[in-house]
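Results of the structural survey
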Amino acid sequence: MSNDPFSAIKAQVKLVVWDLDETFWGGTLSEEGIQPIAENIAIIRELVDRGIMCSICSKNDFAPAQAALEKLGIWELFVFPHIAWSPKGQAIAQMIDEMGLRDENVLFLDDNHLNLEEAVFFSPRLMTVDASKGLSPVCLICRSSRERPTRSTRACSNTR
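Rules and cut-offs
- Residues numbered from 1 in each chain as written.
- Predicted model: local features only at pLDDT ≥ 70, side-chain atom pairs only at ≥ 80, totals over all residues.
- Heavy atoms only, no water.
- Buried < 20%, exposed > 50% of the residue type's maximum accessible area, 1.4 Å probe, protein only.
- Helix = DSSP H or I, 4+ residues; strand = E, 2+ residues; numbered from the N terminus.
- Salt bridge = Lys/Arg side-chain N within 4 Å of Asp/Glu carboxyl O.
- Core = buried A, V, L, I, M, F, W, Y, C linked by side-chain atoms within 4.5 Å.

Considerations on unusual backbone geometry
Of note, Glu-22 is a non-glycine position whose phi angle comes to about 65 degrees, a positive value. In this structure Glu-22 comes out as partly exposed when scored by relative accessible area, which is 41%. For Phe-80, which is not glycine, the phi dihedral falls at a positive 45 degrees. Counting through the fold element by element, Phe-80 comes out in the loop between helix H2 (62-71) and strand E5 (82-83).

Quick notes on the pattern of salt bridges
Between side chains of opposite charge, pairing is possible as soon as their charged atoms come close. According to the stated counting rule, one finds six salt bridges in the structure shown. A salt bridge links Lys-88 to Asp-110; its shortest N-O distance comes to 2.6 Å. Taken as a pair, Lys-88 in helix H3 (residues 88-99) and Asp-110 in strand E6 (residues 106-110) lie far apart in primary sequence, 22 residues in all. Of the residues examined, Lys-88 reaches a relative accessible area of 2% and is grouped as buried. A salt bridge links Arg-102 to Glu-104, with the nearest nitrogen and oxygen atoms 3.2 Å apart.

Quick look at the nonpolar core
The nonpolar side chains of soluble globular proteins are, as a tendency, buried together. With 26 residues, the main nonpolar core has Val-16, Trp-18, Phe-24 and Leu-69 as its most contacted residues. Every element with two or more residues in this core is listed here: strand E1 (15-18), helix H1 (38-49), strand E4 (53-58), H2, E6 and strand E7 (127-130). Of the residues forming this core, the biggest block, four residues, is contributed by H1. In terms of nonpolar packing, the next biggest core, distinct from the first, is built from 14 residues, Leu-15, Cys-57, Ile-92 and Leu-101 among them.

Structure (structure tokens):
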């Protein structure tokens, strides 16, 4: 098994589904509050600029999560957000179906291995990355896009 959390990315990524608490941002919105992670905000913008859609599947209350993302200026960049206190596996499968995508072209980022396993149960070819092992968002761009390199992706390839 590879130590590289991104070794699971084996196909072209068309959709990245983000968990929010302890994945997209530091902290827990419903508890102690959040600490924005500037790299993740930049990666959302970069992915969308490259035509890779971003969505959310998070166990949170919808209105406070939406308000936090609006304050960060990125709410409008997410499609089909699922923010509710419900299981993630079926929600992601439904999201994929409603978007007309194949699960092998979807990447799910979450810090909880049980959420990742549940998601794969409902979408067997779903690509997953365990965010508890750390995310290097710039490398996500490098591996998920087949388009020409940008400043960000050139920086990533220079650090390997």
